[in-house]
Each structure stands twice: as C-alpha cells, then as structure tokens.
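The chain contents come next:
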Amino acid sequence: MPKVENDLPKGIYEDLDFTVLVQIAGRMIAQHVEAIGKESALSAGHLSVLGMIHRKPGMVQSVYGAILAINDATLGRYVDKLEDHGLVLRERCDDDRRSVRLTLTDPGLTFIIAVKTRLAEIRSEVTGGLSPSDISVLQENLVTFLTAHGPDVQET
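Sequence order as written defines the numbering, with residues in each chain counted from 1. pLDDT decides what is reported in this predicted model: residues at 70 or higher carry local features, side-chain atom pairs at 80 or more are listed and counted, and totals for whole chains, interfaces and linings draw on all residues regardless. The side-chain quantities take in all heavy atoms of the structure and omit both hydrogens and water.

Enquirer: Help me understand the nonpolar core, please; the structure alone is not making it clear to me.
Expert: Most often, soluble globular proteins have nonpolar side chains that are buried together. Among the nonpolar cores identified, the biggest contains 28 residues, and Leu-47, Val-49, Leu-50 and Val-88 are the most heavily contacted of them. Of all elements in the fold, only α1 (18–38), α2 (44–55), α3 (61–68), α4 (72–84), β2 (100–104) and α5 (106–121) reach the threshold of two or more residues within this core. At six residues, α2 tops the list of elements feeding residues into this core. In this description, a nonpolar core means a group of buried Ala, Val, Leu, Ile, Met, Phe, Trp, Tyr and Cys residues linked to one another through side-chain atoms lying within 4.5 Å. A 1.4 Å probe rolled over the protein chains alone gives each residue an accessible area, and that area as a share of the maximum for its type sets the label: buried under 20%, exposed over 50%, partly exposed in between. Helix and strand definitions here come from DSSP, where helices need a minimum of 4 consecutive H or I residues and strands a minimum of 2 consecutive E residues; each element is numbered from the N-terminal end.

If you want it as structure tokens, here you go:
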C-alpha cells in the first residue's frame, strides 16, 4: 500500500536544501494547474504562457520564455499549440521580422479568465492551508528571489 501524506515522517522537509524544496513545491502546485489544463489538453506550461501574455500582452515571444524560464524550442511548441487552439495570436514585429509579439485572442482571454477563476476556487488546496499573511510573505520573497536571480529581460 503506498504511503499517504499523513504517513510521512515528521520533519521530513526540514533538512532539505532550498533548491530541492522549491522544486518539490513547484511540482505540487503544478499538479493542481495540470488538472485544470487537462480538460483542454493543455499543460501547466501552456497555462503559464497564457497567464503571462494576459498580464503582459504584446511582448516579444523570447521575452516570455526568459521570464518563465522556458527554452525557445519548448516555448515555440507551447505557442504553436495555443495558436492551434485559437487562444494566441502571433504578429511579426515591424522593426525585426524574425521576432514575433504575442497577444491573446478573444477566446484566449475568456479561457485564461476562466482558468484564473478555477485557480481561485482551489486556492486553499494550492496554498496548503497557509494564512493570507504567510502567502503574502512567501509571494514577496519569491518576487525578490526571481528578480535577483532571474534573467535580465530587455523588451525589444
């Protein structure tokens, strides 16, 4: 019989390295996001790209990859599928025809708003029972971490 979460030894996470903890937390959260995307045959990565385009529309495709830490090949496949689903529009840049800007289509906007609503509904599952102040502190610290260690993104 597989062990359930309640059967884990007490203190199992305390001696783990920070990087391992972040990876585990990311996978745990991704499971919830994957479940939402599964209904539309989209992964957590697809939903992350859609969410970022929603927050920061019209940027160059490679900038989204840098922000989300997704390599160019994977990002290209994600955008291909999102475009095939009619959720994203690619537009060539006037100043550099090799670059494309990404925006949501109307169905893409409707879709990502529905996804965000679903995420809000399961927030307590995703956040593991953290208090609102704990979530705020964690979010603030993650922003600080990503800002300090993330890519130096220059919009083109």
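Don't stop here, the text continues.
Enquirer: I'm lost on the side chain of His-46 in this one. Help?
Expert: Within the secondary structure, His-46 is located in helix α2. Excluding anything up to four places from it in sequence, His-46 contacts Tyr-78, Lys-81 and Leu-82. Should any heavy atoms of two residues lie within 4.5 Å, those residues are counted as being in contact.

Enquirer: Just to check I follow, could you spell out unusual backbone geometry for this structure?
Expert: Trans is the common state for peptide bonds, and a negative phi is the common state for residues other than glycine. The backbone of Ala-41 shows a phi angle near 60°, a positive value even though the residue is not glycine. Relative to the helices and strands, Ala-41 resides in the loop between α1 and α2. Residue classification places Ala-41 among the partly exposed positions, given a relative accessible area of 45%.

Enquirer: Could you clarify how one ought to interpret the packing of α2 against α4 in this entry?
Expert: For any two helices packed against each other, the geometry is given by the interaxial angle and the distance between the axes. Axis lines are fitted through C-alpha atoms, for helices just across the contact stretch, and the angle between N-to-C directions can take any value from 0 to 180 degrees. Two elements in contact, α2 and α4, have axes whose closest approach is 10 Å; the angle formed by their N-to-C orientations is 80°. Our classification of the angle between α2 and α4 gives roughly perpendicular. Residues Gly-45, His-46, Val-49 and Leu-50 of α2 form the contact with α4, whose own contacting residues are Leu-75, Tyr-78, Val-79, Lys-81 and Leu-82. Gly falls in the polar group here, along with every residue not listed as nonpolar (Ala, Val, Leu, Ile, Met, Phe, Trp, Tyr, Cys, Pro) or charged (Asp, Glu, Lys, Arg). Taken together, the residues of the contact of α2 with α4 break down into six nonpolar, two polar and one charged. Throughout this description, any angle smaller than 35 degrees is read as roughly parallel, any larger than 145 degrees as roughly antiparallel, any in the 65 to 115 degree range as roughly perpendicular, and the remainder as oblique.

Enquirer: Explanation requested: the environment of Thr-127 in the structure shown.
Expert: Structurally, Thr-127 can be placed in the loop between α6 (123–126) and α7 (132–149). When the C-alpha positions of Thr-127 and Ile-29 are compared, they lie 8.1 Å apart, and in sequence the two are 98 residues distant.

Enquirer: What is the right way to read a nonpolar patch on the surface from this model?
Expert: Together, Ile-12, Tyr-13, Leu-16, Val-20, Leu-21 and Met-28 give the surface a local cluster of nonpolar side chains, amounting to about 440 Å² of exposed area. Checked against the element boundaries, Leu-21 lands in helix α1. Here Leu-21 falls in the partly exposed class, since its relative accessible area comes to 33%. To count toward a patch, a residue needs a relative accessible area above 30% and no salt bridge. Like charges then connect within 9 Å, nonpolar side chains (Val, Leu, Ile, Met, Phe, Trp, Tyr) within 5 Å. Only the protein chains shown count as cover for residues, and the accessible areas themselves come from Shrake-Rupley with a 1.4 Å probe. Here, a salt bridge means any side-chain nitrogen of Lys or Arg that lies within 4 Å of a carboxyl oxygen of Asp or Glu.

Enquirer: How should α5 be read in this particular structure?
Expert: Between the first and last residue of a helix there are one fewer steps than residues, each counted as 1.5 Å, and that sum is the expected span. The end-to-end C-alpha separation of α5 is 23 Å, in line with the 22 Å expected for 16 residues at 1.5 Å each. Among all positions of α5, only Gly-108, Phe-111, Ile-112 and Val-115 are buried. Taken down its axis, α5 places every buried residue within 95° of arc, on the same side. Every exposed residue of α5 that faces more than 90 degrees away from the buried side is listed here: Asp-106, Thr-110, Ala-120 and Glu-121. Close packing links the buried residues of α5 with α1, α2 and β2. Throughout, the arc means the angular range of directions from the helix axis out to the C-beta atoms.

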